[in-house]
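Fold and contact review
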Amino acid sequence: MRARKPAAVIVEPIAKAFLHVGFTPNTVTVLGTLATIGIAVTLIPSDHLLTAAILSALFAAFDLVDGTMARLRGGGTAFGATLDASCDRITDGALFGAIVFWLVYVDQAPPVTVVAGLIVLVLSQVISYVKARGEAGGLEINGGLVERAERLIIALFGLGLEGLGVPHAIEVALWLLAAGSLFTVVQRLVKASRSEGASATIAPPAGA
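Residues numbered from 1 in each chain as written. Predicted model: local features only at pLDDT ≥ 70, side-chain atom pairs only at ≥ 80, totals over all residues. Heavy atoms only, no water.

**What to know about a nonpolar patch on the surface**
We apply this condition: Only residues whose relative accessible area exceeds 30% and that form no salt bridge are eligible for patches; like-charged ones are grouped when within 9 Å, while nonpolar side chains (Val, Leu, Ile, Met, Phe, Trp, Tyr) are grouped when within 5 Å. A 1.4 Å probe and the Shrake-Rupley method give the accessible areas. Residues count as covered only by the protein chains that appear here. Basic side-chain nitrogens of Lys or Arg form a salt bridge, by our definition, when they fall within 4 Å of a carboxyl oxygen of Asp or Glu. Numbering of helices and strands starts at the N terminus; helices are DSSP runs of H or I of at least 4 residues and strands are runs of E of at least 2.
Residues V21, F23, V30, L31 and L34 make up a contiguous nonpolar surface patch of about 430 Å² in total accessible area. As for its placement among the helices and strands, V30 is situated in helix α2 (residues 25–43).

Shown next, in the form of structure tokens:
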């Protein structure tokens, strides 16, 4: 949250400009997602790691722009929040999928490093799912060691350093993320289990 206040100096004028030309927050969400996916799946497999890291970081700002646009319009919508969260999952999958592709086909990394990449790819989705599913059931699950912002910062920092020629930078980043992500999944499940209403009986799903 502290970082959002300085960023607002840049983000808010951009959000106002987009609204002025007729863009909606949902349009910006989708455009930012498509751009981020395009960057990941073209630049990373082609070994342009530094460029991929810089451009991915820039387009990650669309997460701030669309939210600011929604605020300036008087508030977001339930569908807008769902779309934004879904697009975040897609872009995370594209980023880490592209990194795993690079490890296998460009870097010829050892299998253990590829495993680290796959762990991060899966757990990045699970971390978000635990929170979403828990809150849908009325549980309170706030925070966590490695949330999306931390995940992107560590991954893009490692990617950029690797692109600058720092050996094993992406491997170190992936193992840090793998350990931190596993801890975060357990951390959130523990929070869910201790949340008020965790033991409440719920109706079985339709068709059960």
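**Points about the nonpolar core**
As a reminder of what qualifies: By convention a nonpolar core is built from buried Ala, Val, Leu, Ile, Met, Phe, Trp, Tyr and Cys residues, the set being connected through side-chain atoms within 4.5 Å. Burial here depends on accessible area, computed with a 1.4 Å probe over protein chains only, as a share of the maximum for the residue type. Under 20% is buried, over 50% is exposed, and the range in between is partly exposed. The contact criterion used throughout is that any non-hydrogen atoms of two residues lie within 4.5 Å.
With 28 residues, the main nonpolar core has I44, L95, F96, I99, L103, L159 and L174 as its most contacted residues. Elements with a minimum of two residues in this core: α2, α3 (49–60), α5 (78–105), α6 (111–136), α7 (148–163) and α8 (169–194). Per-element accounting of this core gives the leading share, 8 residues, to α5. Dropping the residues within four chain positions of it, F96 is found in contact with V120, L121, S124, R151, A155, L174 and L177. In terms of nonpolar packing, the next biggest core, distinct from the first, is built from 6 residues, V28, F62, V65 and M69 among them.

**Some remarks on the UniProt feature "active site" (unreviewed entry) in the protein chain**
Inclusion rule: UniProt positions are given in the numbering used here, feature names are shortened, and annotations may be inferred rather than shown by experiment.
Annotation from UniProt places "active site" (unreviewed entry) at D88. By the secondary structure assignment, D88 is in helix α5. Sequence-distant contacts of D88, defined by excluding residues within four places in its chain, comprise D63 and R148.

**What to know about empty space enclosed by the protein**
The test is simple: A pocket, in this scheme, is an open set of points on a 1 Å grid over the protein atoms alone with protein on both sides within 12 Å along at least 5 of 7 lines, while a cavity is a set where a 1.4 Å probe fits but cannot get out; residues line either one if an atom lies within 4 Å of a point. Grid points are joined across faces, edges and corners, and a volume is the space filled by probe spheres set on the points. Only Asp, Glu, Lys and Arg are considered charged, only Ala, Val, Leu, Ile, Met, Phe, Trp, Tyr, Cys and Pro nonpolar, and every remaining residue, Gly among them, polar.
Across all of its chains, the model carries 1 cavity of 30 Å³ or more by this definition. By volume, the largest cavity amounts to about 210 Å³. As for the largest cavity, its lining consists of 20 residues, and the residues nearest its centre are T36, F59, A60, T91 and R148. Of all the elements in the fold, those that place two or more residues in the lining of the largest cavity are α2, α3, α4 (62–72), α5 and α7. Looking at which element gives the most residues to the lining of the largest cavity, the answer is α5, with 6 residues. Taken together, the residues of the lining of the largest cavity sort by class into 8 nonpolar, 6 polar and 6 charged.

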